[in-house]
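Survey of secondary and tertiary structure
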Amino acid sequence: MKIGIANDHHGVEVKNKIMNYLHEKGIECVNFGTNDNNSVDYVEYAVKLCTAVNEKQVDLGILICGTGIGMSIAANKIKGIRCGKVTTPREAALTKEHNMANVISLSEYTENVEEIVDAFINTKNSTEERHIRRIEEISELEG
């Protein structure tokens with residue numbers, strides 16, 4: 001498994017924490033984010049990560065910005081991306097299982113990031129007809 005991570009200037013510390021955690025677990029990470037605290041536009045980094053997800057350069061993506069909301073909004077504008085802004089391991093698991101999210105977005109203030117990342121990575125997409133039908137309905141909105 002290969003995980004892509006992108007962040008703006010607010011997410012450097014959380015990104016580094018997640019990357020170190022995943023490396024310790026033997027999971028490969030690709031850094032699409034900025035590496036310092038100089039102000040940048042988060043949209044650019046969301047696009048880089050989501051493009052890599054769509055092109056199968058990475059299996060899943062994690063976005064980090066000040067609130068996680070801006071990155072999530074930007075990501076969900078990209079066809080083929082389903083991104084949930086999550087704050088708990090349960091939300092991470094459910095957005096992956098029920099919504100088949102291929103990206104999650106986190107705030108720089110997110111607690112329990114290791115548990116959230118584990119829940120996202122380890123949860124399988126639902127095979128229930130109702131979840132599949134809903135994802136197809138969402139995909140139709142993309143045009």
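This text follows the structure it describes.
Residues numbered from 1 in each chain as written. Predicted model: local features only at pLDDT ≥ 70, side-chain atom pairs only at ≥ 80, totals over all residues. Heavy atoms only, no water.

Re the nonpolar core
The biggest cluster of nonpolar side chains holds 24 residues, and the ones touching the most others in it are Ile3, Ile5, Ile18, Leu22, Ile62 and Leu106. Apart from residues no more than four positions distant in its own chain, Ile18 is found in contact with Ile5, Ile62, Ile64, Leu106, Val113 and Val117. Judged by nonpolar contacts, the second largest core, of 19 residues, contains Cys50, Ala52, Ala74 and Val103. (Core = buried A, V, L, I, M, F, W, Y, C linked by side-chain atoms within 4.5 Å. Buried < 20%, exposed > 50% of the residue type's maximum accessible area, 1.4 Å probe, protein only. Contact = heavy atoms within 4.5 Å.)

Focus: the pairing of strand 3 (residues 60-65)
Burial within strand 3 is extensive, with 6 of its 6 residues counted as buried. The two faces of strand 3 match: Leu60, Ile62 and Ile64 on one face and Gly61, Leu63 and Cys65 on the other face are all buried. Sheet analysis places strand 1 (residues 2-7) next to strand 3, joined by 5 bridges and oriented parallel. For Ala6, the partnering residue across the bridge sits in strand 3 and is Leu63. Looking at chain direction, strand 3 and strand 5 (residues 103-107) are connected through 5 bridges and run parallel. Residue pairing across strands places Leu63 opposite Ser105, the latter belonging to strand 5. (Helix = DSSP H or I, 4+ residues; strand = E, 2+ residues; numbered from the N terminus. Pairing = 2+ DSSP bridges.)

Observations regarding the pattern of salt bridges
Taken as a whole and assessed by the stated rule, the structure comprises 6 salt bridges. Between Glu28 and Lys2 there is a salt bridge, and its shortest N-O distance comes to 3.8 Å. In this pair, Glu28 is assigned in strand 2 (residues 28-31) and Lys2 in strand 1, connecting sequence segments 26 residues apart. You can call Glu28 partly exposed: its relative accessible area is 43%. Owing to a relative accessible area of 26%, Lys2 belongs among the partly exposed residues under this scheme. When the shortest N-O distance is used, the salt bridge between Glu114 and Lys17 registers 3.9 Å. Pair noted here: Glu114 is in helix 5 (residues 113-122) and Lys17 is in helix 1 (residues 12-24), with a separation of 97 residues, a long-range link. Judged by relative accessible area, Glu114 falls into the partly exposed class, the value being 22%. Its relative accessible area of 44% is what places Lys17 among the partly exposed residues. (Salt bridge = Lys/Arg side-chain N within 4 Å of Asp/Glu carboxyl O.)

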